[in-house]
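# Breakdown of the fold
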Amino acid sequence: MSRGLRDSQWHVLRRCLAIIRRAQRGPCCWRDLAEAVLAEEGPEAYGLAEGEALRRRIEKDLARVRDRLLVEVRYDHRAEGYVIADCPAPLLDLPDEDLTTIAWLAETFGPDSPQHREVTALLNRLRLYLASERRAELERRHTALVLDLGRRDEDAFAPGVWEALTRALVERRRIEFTYLSPEHADRAPRRHVVDPWERYFDAGRGHYYLRGWCHYTCGPRGRREHGRYFDYRVGRISEVVLLPQKLPPAPPPAPRYAVEYELSPRVARLGISRQRGIEIHEIVRRPDDSALVRGETDNPFWAVQALLAYGNECRVLGGPEVLARIRSVVRSMAELYGTEGEDPRE
């Protein structure tokens, strides 16, 4: 009876591990996978096979990675390359103190922080590689931290909502829920089908939010396709159902919208504050101490809300989506207060 693996089987195992490591680095084509194997195992790793024969050898190793090592490396058309889509067998484990640190990073580098996208992408990759029970422990530690920071939220969560969202985040599952938004004049709730990616506490507003990619909603006027991110206030979510679909390996990229505005000398002379939802790229200071600020946002609504806090010390110049939205808000405020056409000097 043979003891252990034969030498040739160890070669196969090393090839599979090289494929996994290359996929961890980022999306790649089959040629990239082959190059990674050949770089680690030498030019004879695949018996000097080339072209179509080499591609078939890579596909056989991908099947071994999936069926024997239980790591799903597959081609993702959105990423335009092979990625690690799921890890039934975890690739990583960490001590409890590291999980606490990851939870702290997730809360510290929230939506308002610099490098939020980059830090969140890193943490999502780490979560993907952990076993489900370790992801649950990570979420428990994050929840404990968020609850401690978020005592000002007076929302009453519907029964089972927090637990269902926790499970969806741990299991990386698509969800469907009822959401009541104040934006709808008919006051009717809508059903949302969402990929949940992040739950956080907004200290400025004192509420918990779920950031998710909304596929579509169903309401009084039927189904409406969205395909974009929403920040859902958790207190307005109810009737959460976990769906069988798993989340993709990485969150879809959010559309980016240009933002350009100028600040008066009164607020700009002592420095430019970072605003929620706006990533500042350029600040042009003027001789009179005013400033021109250029950046971008993935949420024009939050960007407008932030800039409105400046009052008449800020003038929005663009981009088109942000400018159109703030003009609509200011016009509605003028109608509300009956100031349209009045001379402000009177």
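Located above this text is the structure these notes cover.
Below is a summary of the structure that appears in this document. (Residues numbered from 1 in each chain as written. Predicted model: local features only at pLDDT ≥ 70, side-chain atom pairs only at ≥ 80, totals over all residues. Heavy atoms only, no water.)

## Some thoughts on the nonpolar core
The line we're drawing: Residues belong to one nonpolar core when they are buried, are Ala, Val, Leu, Ile, Met, Phe, Trp, Tyr or Cys, and are joined through side-chain atoms within 4.5 Å. Only protein chains enter the accessibility calculation, which uses a 1.4 Å probe. A residue is then buried if its area is under 20% of the maximum for its type, exposed if over 50%, and partly exposed in between. Counting from the N terminus, the helices are DSSP H or I runs at least four residues long and the strands are E runs at least two residues long. Note on contacts: a residue pair qualifies if any of its non-hydrogen atoms lie within 4.5 Å across the two residues.
If you look at the biggest cluster of nonpolar residues, it comprises 23 residues, and the most contacted ones within it are Val-73 and Ile-84. Contributions of two or more residues to this core are made by α1 (7-25), α2 (30-41), α3 (51-67), β2 (81-86) and α5 (116-129). Of the residues forming this core, the biggest block, five residues, is contributed by α1. If sequence neighbours within four positions are ignored, Val-73 has contacts with Ala-23, Leu-62, Val-65, Tyr-82, Val-83 and Ile-84. Membership of the second largest hydrophobic core comes to 19 residues, among which are Leu-210, Tyr-232, Ile-237 and Leu-242.

## Concerning the pattern of salt bridges
Threshold: For this analysis, a salt bridge means a side-chain nitrogen from Lys or Arg found within 4 Å of a carboxyl oxygen belonging to Asp or Glu.
Within this structure, the stated rule accounts for 33 salt bridges. Here Asp-96 makes a salt bridge to Arg-141, at a shortest N to O gap of 3.4 Å. A residue pair is termed long-range when its members are at least 10 positions apart, and Asp-96 in helix α4 (residues 96-108) and Arg-141 in helix α6 (residues 132-149) qualify at 45 residues. A salt bridge links Arg-211 to Asp-298; the shortest N-O distance between them is 2.8 Å. Of this pair, Arg-211 sits in strand β5 (residues 207-219) while Asp-298 sits in the loop between β10 (291-297) and α9 (300-308), and the two are 87 residues apart along the sequence.

## Quick word on the environment of Gly-338
Summarising the element assignment, Gly-338 is placed in the segment after α10 (320-337). Gly-338 sits in the partly exposed class, given a relative accessible area of 43%. Remark: the alpha-carbon pair of Gly-338 and Tyr-200, spanning 138 residues in sequence, is separated by 38 Å.

## Structural notes on the packing of aromatic side chains
Geometrically, a pair of aromatic rings is defined through the distance of the ring centres and the angle of the planes. What counts here: In this scheme Phe, Tyr and Trp rings, the latter by its six-membered ring, pair at centre separations within 6.5 Å, and the angle between planes marks the pair as stacked below 30 degrees, edge-to-face above 60, and tilted otherwise.
Overall, the coordinates contain 13 aromatic pairs when judged by the stated rule. Judged by centre distance (5.0 Å) and plane angle (80 degrees), the ring pair of Tyr-179 and Tyr-232 falls under edge-to-face. Here Tyr-179, found in strand β3 (residues 173-179), pairs with Tyr-232, found in strand β6 (residues 222-233); they are 53 residues apart in sequence, far enough to count as distant. Here Tyr-179 matches Tyr-232 in class, with each residue buried. When the ring of Tyr-200 is compared with that of Tyr-209, the centres are 5.7 Å apart and the planes differ by 20 degrees; the resulting orientation is stacked. Tyr-209 carries the same exposure label as Tyr-200, and that label is buried. Ring pairing ties together the aromatic residues Phe-157, Trp-162, Phe-201 and Tyr-208, which thus form one cluster.

## A few points about the packing of α9 against α10
Geometrically, a packed helix pair is captured by the angle between its two axes and the distance between the axes. To keep it simple, the criterion reads: Inter-axis angles, ranging from 0 to 180 degrees, are taken between N-to-C directions of lines fitted to C-alpha atoms, where helices are fitted over the stretch in contact. If an angle is under 35 degrees, it is roughly parallel; if it is over 145, roughly antiparallel; if it lies from 65 to 115, roughly perpendicular; otherwise it is oblique. A clockwise turn of the near helix away from the far one marks a right-handed crossing, whereas an anticlockwise turn of less than a right angle marks a left-handed crossing.
Contact geometry of α9 with α10 gives a least axis separation of 9 Å together with a crossing angle of 55 degrees. Between α9 and α10, the crossing angle belongs to the class labelled oblique. Crossing of α9 over α10 shows right-handed handedness. Residues Pro-300, Phe-301, Val-304 and Leu-308 of α9 lie in contact with α10, whose contacting residues are Glu-321, Val-322, Arg-325, Ile-326, Val-329 and Val-330.

## Quick look at the environment of Pro-43
Note on placement: Pro-43 falls in the loop between α2 and α3. In sequence terms Pro-43 and His-207 are 164 residues apart; their C-alpha atoms lie 57 Å from each other. The contact partners of Pro-43, leaving out residues within four places of it in the chain, are Leu-38 and Leu-48.

## Looking at the state of the cysteines
How we decide: Note that a disulfide, as used here, is simply two cysteine sulfur atoms within 2.5 Å.
According to the stated counting rule, one finds zero disulfides in the structure shown. Free cysteine Cys-87: the closest other cysteine sulfur is in Cys-28, separated by 14 Å. On the accessibility criterion, Cys-87 (6% relative accessible area) is buried.

From the geometry alone we can't say anything about function, so treat these as descriptive.
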